[in-house]
Amino acid sequence: MKELDTIQKRLLEEVADLHTVPEGAYNIRANGESAGRRSTENIEITSKTGVSGLEIRIKPFTKNESVHIPVVIAESGLKEVVYNDFYVGEGADVVIVAGCGIDNCGSQDSQHDGVHRFFIGKGAHVKYVEKHYGSGDGAGKRILNPVTEVYQEEDSFAEMEMVQIKGVDDTLRTTKAELAGGAKLIVRERLMTHGEQNAVSKYEVALNGKGSSADVVSRSVARGDSHQVFDAKIAGNAPCKGHTECDSIIMDRGRILAVPGLEANDTEAELFHEAAIGKIAGDQLIKLMTLGLTEAEAEEQIINGFLR
Amino acid sequence: MDILELKNVSFSVADESSAKEIVRDVDLSIPYGKLIAVTGPNGGGKSTLAKLIAGIEKPTEGAIFFKGEDITERSITDRAKAGIGFAFQQPVKFKGIRVLDLLRIAAGRKLTVAEACEFLSLVGLCARDYIDREVNASLSGGELKRIEIATLLARRTELAVFDEPEAGIDLWSFNNLIDVFRRMRDGMDGGSIIIISHQERILNIADEIVVLKDGRVASRGSRDDILPTLIGTSAAVNYCVKIDPNGR
Ligand SMILES: Nc1ncnc2c1ncn2[C@@H]1O[C@H](COP(=O)(O)OP(=O)(O)OP(=O)(O)O)[C@@H](O)[C@H]1O
Ligand SMILES: [Mg+2]
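Everything numeric here is computed off the predicted structure, so don't read it as measured data. (Residues numbered from 1 in each chain as written. Chains lettered and ligands numbered in written order. Predicted model: local features only at pLDDT ≥ 70, side-chain atom pairs only at ≥ 80, totals over all residues. Heavy atoms only, no water.)

Student: Could you give me a rundown of the nonpolar core, with the residues and numbers involved?
Tutor: Generally speaking, nonpolar side chains in soluble globular proteins are found buried as a group. If you look at the biggest cluster of nonpolar residues, it comprises 97 residues, and the most contacted ones within it are A:Leu288, B:Leu4, B:Leu6, B:Leu120, B:Leu159, B:Phe162 and B:Ile209. The leading source of residues in this core is helix H6 (residues 141-155) of chain B, at 7 residues. Those residues in contact with B:Phe162, other than ones at most four positions away along the chain, are B:Ala87, B:Ile149, B:Leu152, B:Phe181, B:Met184, B:Ile193, B:Ile194, B:Ile195 and B:Ile196. Among the nonpolar cores identified, the runner-up in size contains 40 residues, and A:Ala25, A:Ala92, A:Ile96 and A:Ala269 belong to it. (Core = buried A, V, L, I, M, F, W, Y, C linked by side-chain atoms within 4.5 Å. Buried < 20%, exposed > 50% of the residue type's maximum accessible area, 1.4 Å probe, protein only. Helix = DSSP H or I, 4+ residues; strand = E, 2+ residues; numbered from the N terminus. Contact = heavy atoms within 4.5 Å.)

Student: Can you explain helix H4 (residues 113-122) of chain B? Please cite residues and give values.
Tutor: Residue and element names in this part refer to chain B. Of the residues making up H4, those classed as buried are Ala 116, Cys 117, Phe 119 and Leu 120. Buried residues in H4, looked at end-on, bunch into an arc of 160°, giving them a common side. Of the exposed residues in H4, those oriented more than 90 degrees away from the buried face are Ala 114 and Glu 118. Its buried side turned inward, H4 meets helix H3 (99-107), helix H5 (127-130) and H6. Downstream of H4 by a residue or two, Gly 124 has a phi angle that is positive, lying close to 80°. (Arc of directions from axis to C-beta.)

Student: An account of the coordination of the magnesium ion (ligand 2) is requested, with residue identities and associated values reported.
Tutor: Every protein donor of the magnesium ion (ligand 2) is listed here as B:Ser47 (OG) and B:Gln89 (OE1), and their distances to the metal cover 2.0 to 2.2 Å. Of this pair, B:Ser47 sits in helix H1 (residues 46-54) while B:Gln89 sits in the loop between strand E6 (84-87) and H3, and the two are 42 residues apart along the sequence. (Donors = N, O, S within 2.8 Å, 3.2 Å for Na, K, Ca; no water.)

Student: Describe the interface of chain B and chain A, with residues and values.
Tutor: At the interface, 21 residues of chain B touch 19 residues of chain A. For the pairing of chain B and chain A, the buried interface totals around 1800 Å² over both sides, and the portion due to carbon and sulfur atoms is 64%. Seen at the junction of chain B and chain A, the total is 3 salt bridges. One salt bridge connects A:Asp247 with B:Lys95, and the closest N-O pair in it is separated by 2.6 Å. (Buried area = accessible area lost by both parts, 1.4 Å probe. Salt bridge = Lys/Arg side-chain N within 4 Å of Asp/Glu carboxyl O.)

Student: So, H6(B): which residues are in play, and what are the values?
Tutor: Residues and elements named next belong to chain B. Taking 1.5 Å per residue, 15 residues should reach 21 Å; H6 reaches 22 Å between its end C-alpha atoms and fits that length. Most of H6 is tucked away, with 14 of its 15 residues classed as buried. A positive phi of about 50° marks Arg 156, the residue just after H6. (Expected span 1.5 Å × (residues − 1).)

Student: How would you sum up the pairing of strand E11 (residues 147-152) of chain A? Please name residues and give values.
Tutor: Residues and elements named next belong to chain A. Where strand E8 (residues 110-120) and E11 come together, 6 bridges link them in parallel fashion. Across the sheet, the residue bridging to Val 115 is Val 147, located in E11. When E11 meets strand E13 (residues 170-179), the two strands line up parallel, connected through 6 bridges. Counted as the bridge partner of Val 150 is Ala 177 from E13. (Pairing = 2+ DSSP bridges.)

Student: Can you tell me about the packing of H3(B) against H6(B), naming the residues and giving the values?
Tutor: Residues and elements named next belong to chain B. Across the interface, H3 lies against H6 with an axial gap of 7 Å and an inter-helix angle of 35°. Of the two possible hands of crossing, H3 and H6 adopt the one that is right-handed. Contacts from Val 99, Leu 102, Leu 103, Ala 106 and Ala 107 of H3 reach H6 at Ile 147, Ala 150, Thr 151, Ala 154 and Arg 155. Within the contact of H3 with H6, the residues separate by chemical class into 8 nonpolar, 1 polar and 1 charged. (Axes fitted to C-alpha atoms, helices over the stretch in contact; angles between N-to-C directions. Left-handed = near helix turned anticlockwise from the far one by under 90°. Nonpolar A, V, L, I, M, F, W, Y, C, P; charged D, E, K, R; others polar.)

Student: I'd like to hear about the environment of A:Ile102, residue by residue, with values.
Tutor: Residues and elements named next belong to chain A. Relative to the elements of secondary structure, Ile 102 occurs in strand E7 (residues 93-103). Relative accessible area serves as the criterion here: at 0%, Ile 102 is assigned to the buried category. In the structure, Ile 102 is positioned 33 residues away from Ser 135 in sequence and 6.3 Å away in space, judged by C-alpha atoms. Setting aside its immediate chain neighbours within four residues, Ile 102 contacts Leu 11, Ile 73, Ser 110, His 112, Tyr 133, Gly 134, Ser 135, Arg 142, Ile 143 and Leu 144.

Student: Residues and numbers for the sheet that holds strand E7 (residues 159-163) of chain B, please.
Tutor: Residues and elements named next belong to chain B. With mixed pairing, 6 strands are arranged side by side in an open sheet as E6-E7-E8-E3-E9-E10. Among the strands making up the open sheet, the edge pair consists of E6 and strand E10 (216-222). The average undirected angle you get between the axes of adjacent strands in this sheet is 15°. Alignment of strand E3 (residues 35-39) against strand E9 (residues 208-213), held across 4 bridges, turns out to be parallel. When the sheet's bridge partners are listed, Ala 37 is paired in E9 with Ile 209.

Student: Residue-level account of the site of ligand 1, with values.
Tutor: Residues and elements named next belong to chain B. Taken together, 14 residues sit near ligand 1, with Gly 43, Gly 45, Lys 46, Ser 47 and Thr 48 positioned nearest. The contact in question runs from an oxygen atom of ligand 1 to an N or O atom on the backbone of Gly 45, over 2.9 Å. One of the side-chain N or O atoms of His 198 is found 3.3 Å from an oxygen atom in ligand 1. Protein chains shield 63% of the accessible area of ligand 1, which is 640 Å² for the free molecule. Those elements giving two or more residues to the shell around ligand 1 turn out to be strand E2 (19-30) and H1. In terms of residue count, H1 provides more of the shell around ligand 1 than any other element does, 3 residues in total. The residue inventory of the shell around ligand 1, partitioned by class, reads 3 nonpolar, 8 polar and 3 charged. (Near = heavy atom within 4 Å. Polar contact = N/O pair within 3.5 Å; in protein donor to acceptor, adjacent residues only side chain to side chain. Areas by Shrake-Rupley, 256 points an atom, 1.4 Å probe, with all protein chains shown as cover.)

Student: If you had to explain the side chain of A:Ser66 to someone new, which residues and values would you point to?
Tutor: Residues and elements named next belong to chain A. By the element assignment, Ser 66 lies in strand E5 (residues 63-73). By relative accessible area, which is 18% here, Ser 66 ends up buried. Beyond its immediate sequence surroundings of up to four residues, Ser 66 is in contact with Glu 23, Gly 24, Ala 25, Ile 43 and Val 95.

Student: Please give an account of the layout of surface pockets that cites residues and values.
Tutor: Residues and elements named next belong to chain B. In this model, the largest pocket occupies a volume close to 450 Å³. Lining the largest pocket are 18 residues, and of these Leu 153, Arg 156, Arg 183, Met 184 and Gly 187 sit closest to its centre. Breaking the lining of the largest pocket down by element, the ones donating at least two residues are H4, H6, helix H7 (171-186) and strand E8 (192-196). Residue composition of the lining of the largest pocket, grouped by class: 9 nonpolar, 4 polar and 5 charged. (1 Å grid on protein atoms, 1.4 Å probe; cavity = no way out; pocket = protein on both sides within 12 Å on 5 of 7 lines; lining within 4 Å. Points joined across faces, edges and corners; volume = space filled by probe spheres on them.)

Student: Pulling in residues and values, what's your account of the environment of B:Thr157?
Tutor: Residue and element names in this part refer to chain B. Tracing the backbone through its elements, the reader meets Thr 157 in the loop between H6 and E7. The class for Thr 157 is buried, based on a relative accessible area of 16%. Measuring from C-alpha to C-alpha, the distance between Thr 157 and Ile 202 comes to 20 Å, with 45 residues separating the pair along the chain. Polar contacts involving the side chain of Thr 157 include one to the main-chain carbonyl oxygen of Leu 159, which spans 2.9 Å.

This is the structure:
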């Protein structure tokens with residue numbers, strides 16, 4: 001594996017909890033080029049031709065294996081678009097850890113747009129974990145625009161955990177999913193913005209098969225002068241169950257717009273949306289202060305818990 | 001000197017048209033090393049008095065002294081750090097904060113899981129089932145209430161104020177709760193406990209009873225003097241009568 005510098009290593013820890021080379025299959029992308037790759041007997045990683053990106057093929061019935069594909073950028077002004085396709089074979093059960101860390105100390109914007117497509121076979125189970133992180137105090141922005149597309153065959157199950165807590169100036173997240181009969185999708189998004197940051201998160205989920213279900217839950221905190229938009233649309237095109245939830249805390253001068261979108265095209269579709277936006281509850285602060293915390297410490301604890 | 005002294009404390013809230021006096025000219029001293037029960041009719045001002053002690057409300061008149069020091073203008077945090085603990089009548093719910101987190105915050109240090117479990121066992125919760133639970137609406141009223149009591153036990157403050165700790169707690173746990181308070185009283189080490197309660201069995205373990213009515217101290221004295229005057233009034237409710245109004 002190519003030697004990473006200390007900044008790159010720190011980013012890698014932040015986005016993938018990686019201190020050394022991960023077990024299982026992996027591809028580490030640093031400053032726009034591959035810094036290390038390993039395929040395993042059941043998981044094959046190859047480069048795409050024509051565009052940047054990877055093809056990851058997971059054999060049917062592969063069990064308890066993981067794929068790590070972290071990206072780190074520590075170069076100011078680097079802009080890249082990467083296309084990664086995951087083909088998850090029938091009956092497989094795998095964990096996929098992606099994530100992108102940008103450290104920008106320079107004056108030019110750094111940007112990573114990752115397009116991830118998942119083709120999940122019959123009865124397969126994928127747990128996908130994606131963490132985004134930005135650092136560096138240069139004037140150049142840290143920009144991440146992830147696109148995630150999920151195509152689920154019958155009875156497959158996708159769990160997606162997407163976290164962006166710190167340092168990303170501008171983000172437009174787009175997540176699309178299409179589910180066949182009996183397929184199940186669970187999304188847990190955690191988002192915190194501060195300063196002048198701007199984050200837009202859009203979901204478009206189509207429940208096409210009988211008995212399919214989706215549960216999309218976003219918890220977010222907007223501090224400083226930051227701005228967020230949560231736009232979640234679920235279409236029920238068959239007897240199915242869909243639920244979206246946006247639960248947000250606003251602080252300082254933060255602003256949040258939640259746009260619920262439910263579309264029922266089948267009388268047997270059951271769709272729900274919940275949204276709650278507000279500042280930290282006063283009684284929560286008071287309770288923690290009676291336990292000896294200062295107001296600022298109490299806020300910290302409440303937010304940490306909320307974004308857990 | 002007493003551990004806590006309220007001197008001519010009044011508290012009123014004003015809306016557009018009128019002012020409402022909720023606590024009126026209360027003079028109250030709580031000695032070191034005593035268990036004091038505060039009772040009285042609903043709406044008498046008991047919870048408001050507790051909030052004034054904890055600093056959640058500030059008196060509109062009068063002064064509050066803790067261990068001889070005037071704390072009237074001190075913040076909630078300062079009072080908590082100085083050694084005042086308060087268990088709410090209505091426990092607060094959180095999102096994502098676990099029982100273990102709350103106990104750790106209360107203890108002011110990173111309690112081990114075993115240590116945290118001990119506090120939960122004291123209030124009759126099978127600790128392993130609860131330690132990782134979030135302190136949210138998925139817990140029942142009685143469970144939240146017991147966790148609230150456990151957090152105050154974990155704080156080990158010199159002055160502990162419990163606001164109706166028995167509310168919503170089942171009969172079996174109630175017996176244990178009495179034991180907990182008894183043990184606290186015996187091991188107080190100079191500290192004091194104030195329990196706001198309507199339950200005869202809690203009043204029964206108090207050294208002194210204060211009756212608060214219409215925001216005023218209506219009477220105060222030793223248990224033996226006050227308790228007989230309360231029996232049969234709404235201030236003291238026999239536990240069994242309360243859960244079975246026909247007394248069967
Ligand atoms: N912030 C407030 N604004 C207006 N009225 C209030 C406020 N706080 C308390 N009160 C009123 O003051 C009175 C005393 O309330 P408090 O909660 O202290 O009573 P309590 O003795 O604890 O009653 P209970 O036994 O029912 O718990 C009640 O009539 C209540 O409605
Ligand atoms: Mg009360």
